Amino acid sequence: MQTNDRPISELMQSVENGNAQLPDFQRGWVWDDNRIKALIASITNGYPVGAAMFLEYGNANIRFKYRVIEGSPAQNVVPSELILDGQQRLTSIYASLFSPNPVHTRTDKGKDIQRYYYIDIEKALDTSVDRVDAIISVPETRMITSNFGRDIDLDLSSQEKEFEHKMFPLNIILDTPKTFLWQQEYLKYHNNTVVTEYMDFQTKIIMPVIQYKMPVILLDKNTPKEAVCQVFENVNTGGVSLTVFELVTAIFAMDDFELRKDWEERQKKYFEGDLLSVITATDFLTACTLLSTYKKGGTVSCKKKDVLNLSLEEYKKYVDDLTAGFVEAEKILQEERIFSSKDLPYTTQFIPLAVLCTLLADGNKIKVTNIKNKIKQWYWCGVFGEMYGGANETRYVYDVVGVMDWISDDTKVPRTVQESFFNPTRLLGLQSRLSAAYKGIMALVLKNHCQDFISGREMDFTVYKAENIDIHHIFPRAYCESKKYDKTLWNSVVNKTPITYSTNREIGGVAPSAYLSKIENKGQVAGDVLDKYIGTHWIDVSCCRNDDFHGHIISRAKMLLAAIENATGKSIAGKDSEEVINSFGESLI
């Protein structure tokens, strides 16, 4: 990496002749009129406007498709450098201070406009005037009008009009011959009465702009792809973030493959469901890399550098199968009663799950009960072991390789299943749906075929979507607060369950015995049937009927722990530990 300062005149010439171009992943130019004026004001004041970052073109491993900066006349030119960071500033400088064409920009409200930029000579030399107020933008006609176009407030439509109003056209400021000719005609127009003023303007404005330099960080052409991506992420604090997907898009574009279009069409067709909508383009490429490296044999990996090395041939080979794998993974999650993205324990665990579903599609193995049960056991071990909360690329590999080995050999238990551990007191730490384990427990309650307290309808996918089901307290919050119960207990997952919106309104904030009697007295459901409905939520009916809060907490904690054991296939240790007894008031055995 090299860093040096370059005159903007030199940079603009590179843009003009096509030596400096943009990689295909860079998006369009978006700066508005006021921001361009502020940039010009900074340059004419000699203020720094930040560094640009270029990549030396010619690395065989980074074959980016390229395009010229907007407005550049260069055609069929192979660039010597690609602009990674600084597109907005360099395009704004080129358009306003170099190109003869009007600047395509927009108002602060987003309306597209065409503008030329001038600097008011007198205001620029007046130290009491803010420099940005000396920068004037005019429409393509070079006239500013009012009263619906009937009145002309400023007319710069001819060179003589520019001279008359002492307005210097900024798009010639970096072209010394043009600036000199304009100066000669300007002085002649004013009969040389403004020589001193113009010389002052030339000294204080024109020459400093010509000599103005921008720091440029140049990455040489041997820079690895992953380094380009990482460096860009570190320095690009504004503008469009450069993701792995953007880089791979640019690489594939060299072979005339439009990755973004392919993904957007695939996304619209297959990934618009509530669960699959959480999968990003980068997630998909990570999964494709994981699948590809597994299929090739040898080292399995899906770190950033591996994704950047994914070939177009490999992508095309696996993209359809992987898409089907994600669809199958969604079905498995729905079987486990995870219906919406807000209730998905880990978005990240979707990636290895989809790859496993893809690999097991061969011979329709994913439909075999014993195999699917192992997949589900692994999944719940990841959820209740809370394994997918950090950097996960290494765990993706452990799990895909480990689960596939486990399916072939029962003795080869994958690391996530081996390492999964759930502390009984964790139940009390699950106070909101932000945690994976909290969401997992609610899914297990739904999977127990729990029924609505009033209608008795099982909370399957259709009911979940139609009845506005959410998580609510069993012993209501207002009641618990009135009794001064420990919030750690009453606000934990132990005292919560999925309930429909309409049923929750019936419950209100009263004691369980009161709201159960209310439901019965309205004739909505018979007592014995209501008790059956409540039991499907792993709730002790007698505790609710007798408003026995402590008994309710102990009973439900035991049932939830049993459900977790069943899902993970692992016994939970320490249910009678001192920590558990101190937290719950008694053993959970």
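Structure: above.
Read on for a plain summary of the structure. (Residues numbered from 1 in each chain as written. Predicted model: local features only at pLDDT ≥ 70, side-chain atom pairs only at ≥ 80, totals over all residues. Heavy atoms only, no water.)

### A word on the overall build of the chain
Alright, step 1. Across its full length, the chain carries 29 helices and 14 strands.
Alright, step 2. Over its C-alpha atoms the chain spans a radius of gyration of 34 Å, topping by over 25% the 25 Å that the globule rule assigns to 589 residues.
Alright, step 3. By principal-axis analysis of the C-alpha atoms, the chain measures approximately 105 × 60 × 45 Å.
Alright, step 4. For the chain, the residues scored as buried account for 52% of the 589 residues in total. (Helix = DSSP H or I, 4+ residues; strand = E, 2+ residues; numbered from the N terminus. Rg over C-alpha atoms; globule rule 2.2 N^0.38 Å. Buried < 20%, exposed > 50% of the residue type's maximum accessible area, 1.4 Å probe, protein only.)

### Some words on unusual backbone geometry
Alright, step 1. One non-glycine residue, Asp 256, lies in the positive phi region at around 60 degrees.
Alright, step 2. With respect to the secondary-structure elements, Asp 256 resides in the loop between helix H10 (244–253) and helix H11 (259–270).
Alright, step 3. Its relative accessible area of 67% is what places Asp 256 among the exposed residues.
Alright, step 4. Unlike most non-glycine residues, Asn 364 shows phi in positive territory, near 60 degrees.

### Some points on the sheet that holds strand E4 (residues 66–67)
Alright, step 1. Within the open sheet, the six strands sit side by side as E1-E12-E3-E5-E2-E4. Their pairing is mixed. Every other strand in the sheet has two partners, leaving strand E1 (2–7) and E4 as the edge strands with one partner each.
Alright, step 2. Pairing geometry for strand E3 (residues 52–56) and strand E12 (residues 213–219), over four bridges, is parallel. Each residue of the ladder has a partner; that of Ala 52, found in E12, is Val 216.
Alright, step 3. Sheet contacts for helix H3 (residues 87–97): strand E2 (20–23), E3, E4, strand E5 (81–85) and E12; angle to E5, the most-contacted strand, approximately 115 degrees. (Pairing = 2+ DSSP bridges. Contact = heavy atoms within 4.5 Å. Axes fitted to C-alpha atoms, helices over the stretch in contact; angles between N-to-C directions.)

### Notes on the nonpolar core
If you look at soluble globular proteins, the nonpolar side chains tend to sit buried side by side.
Alright, step 1. Counting 132 residues, the largest nonpolar core has Tyr 315, Phe 326, Ile 375, Trp 378 and Leu 427 as the members making the most contacts within it.
Alright, step 2. Apart from the residues within four sequence positions on either side, Trp 378 is in contact with Gln 349, Pro 352, Leu 353, Leu 356, Tyr 388, Asp 399, Val 403, Trp 406, Thr 416 and Val 417.
Alright, step 3. Ala 20, Trp 31, Ala 95 and Ala 134 belong to the second largest nonpolar core, which has 51 residues in total. (Core = buried A, V, L, I, M, F, W, Y, C linked by side-chain atoms within 4.5 Å.)

### Concerning H3
Alright, step 1. The element H3 is extensively covered by neighbouring structure, given that eleven of its eleven residues are classed as buried.
Alright, step 2. Those residues of H3 that fall on the buried side of the exposure criterion are Gln 87, Gln 88, Arg 89, Leu 90, Thr 91, Ser 92, Ile 93, Tyr 94, Ala 95, Ser 96 and Leu 97.

### Concerning empty space enclosed by the protein
Alright, step 1. Going through the model one piece at a time under the given rule, you end up with three cavities of 30 Å³ or more.
Alright, step 2. Of the pockets and cavities examined, the largest cavity occupies roughly 100 Å³.
Alright, step 3. The wall of the largest cavity is formed by 13 residues, among which Asp 343, Met 442, Ala 443, Leu 446 and Tyr 464 lie closest to the centre.
Alright, step 4. At five residues, the largest contribution of residues to the lining of the largest cavity is made by helix H20 (residues 436–447).
Alright, step 5. The class makeup of the residues in the lining of the largest cavity is nine nonpolar, no polar and four charged. (1 Å grid on protein atoms, 1.4 Å probe; cavity = no way out; pocket = protein on both sides within 12 Å on 5 of 7 lines; lining within 4 Å. Points joined across faces, edges and corners; volume = space filled by probe spheres on them. Nonpolar A, V, L, I, M, F, W, Y, C, P; charged D, E, K, R; others polar.)

### Details of the environment of Asp 452
Alright, step 1. Take Asp 452: it is sitting in the loop between H20 and helix H21 (461–466).
Alright, step 2. Each C-alpha atom, one on Asp 452 and one on Leu 125, is 77 Å from the other, the two residues being 327 residues apart in sequence.
Alright, step 3. Within the structure, the side chain of Asp 452 is placed 3.0 Å from the side chain of Thr 500, a separation counted as a polar contact. (Polar contact = N/O pair within 3.5 Å; in protein donor to acceptor, adjacent residues only side chain to side chain.)

### Topic: the pairing of strand E8 (residues 135–139)
Alright, step 1. Counting buried positions along E8 gives four out of five residues, so the element sits mostly inside the fold.
Alright, step 2. Pairing of strand E7 (residues 112–120) with E8, which is carried by five bridges, proceeds in the antiparallel orientation. Paired with Tyr 118 across the strands is Ile 136, a residue of E8.

### Here we look at the pairing of E7
Alright, step 1. Summarising burial for E7: seven of the nine residues are buried, a large majority.
Alright, step 2. Where strand E6 (residues 103–106) and E7 come together, four bridges link them in antiparallel fashion. Counterpart to Thr 105 in the pairing with E7 is Ile 113.
Alright, step 3. Between E6 and E7, which follow one another and run antiparallel, lie five residues, and Gly 110 among them has a positive phi close to 90 degrees.
Alright, step 4. Both E7 and strand E11 (residues 167–169) contribute to a ladder of three bridges, which runs antiparallel. When the bridges of E11 are listed, Asp 120 appears paired with Met 167.

### Comments concerning the packing of helix H16 (residues 369–384) against H20
Alright, step 1. Interaxial distance between H16 and H20 falls to 8 Å at its minimum, and their mutual angle equals 135 degrees. When the axis of H16 is compared with that of H20, the two are oblique. Across the interface between the two elements, Trp 380, Val 383 and Phe 384 from H16 touch Ala 436, Ala 437, Gly 440, Ile 441, Ala 443 and Leu 444 from H20.
Alright, step 2. The residue inventory of the contact of H16 with H20, partitioned by class, reads eight nonpolar, one polar and no charged. (Parallel < 35°, antiparallel > 145°, perpendicular 65-115°, else oblique.)

### A few points about the side chain of Glu 162
Alright, step 1. Topologically, Glu 162 is positioned in helix H6 (residues 159–165).
Alright, step 2. Despite its burial, Glu 162 pairs with no opposite charge, the nearest such side chain being Arg 142 at 4.0 Å.
Alright, step 3. Ignoring anything within four residues of it in the chain, the contact list for Glu 162 reads Tyr 118, Arg 142, Leu 156, Met 167, Pro 169 and Trp 182. (Lys, Arg positive; Asp, Glu negative; His and termini not counted. Salt bridge = Lys/Arg side-chain N within 4 Å of Asp/Glu carboxyl O.)

### Let's talk about the pattern of salt bridges
When the charged atoms of two side chains with opposite charge come close together, those side chains can pair.
Alright, step 1. Inspection of every chain in the model, using the stated rule, returns 26 salt bridges.
Alright, step 2. For the salt bridge of Asp 410 with Lys 374, the shortest nitrogen-to-oxygen distance reads 2.3 Å. In this pair, Asp 410 is assigned in the loop between helix H17 (393–408) and helix H18 (415–419) and Lys 374 in helix H16, connecting sequence segments 36 residues apart.
Alright, step 3. Taking relative accessible area as the criterion, Asp 410 reaches 56% and is therefore assigned exposed.
Alright, step 4. Between Arg 545 and Asp 531 there is a salt bridge, with its nearest N and O atoms 2.6 Å apart. Within this pair, whereas Arg 545 is found in helix H27 (residues 541–545), its partner Asp 531 is found in helix H26 (residues 527–535), the two being separated by 14 residues in sequence.
Alright, step 5. Residue Arg 545 is classed as partly exposed on the basis of its relative accessible area, which comes to 25%.
Alright, step 6. One connected set of salt bridges, linked through shared partners, spans Glu 335, Glu 336, Lys 372, Lys 376 and Lys 447.

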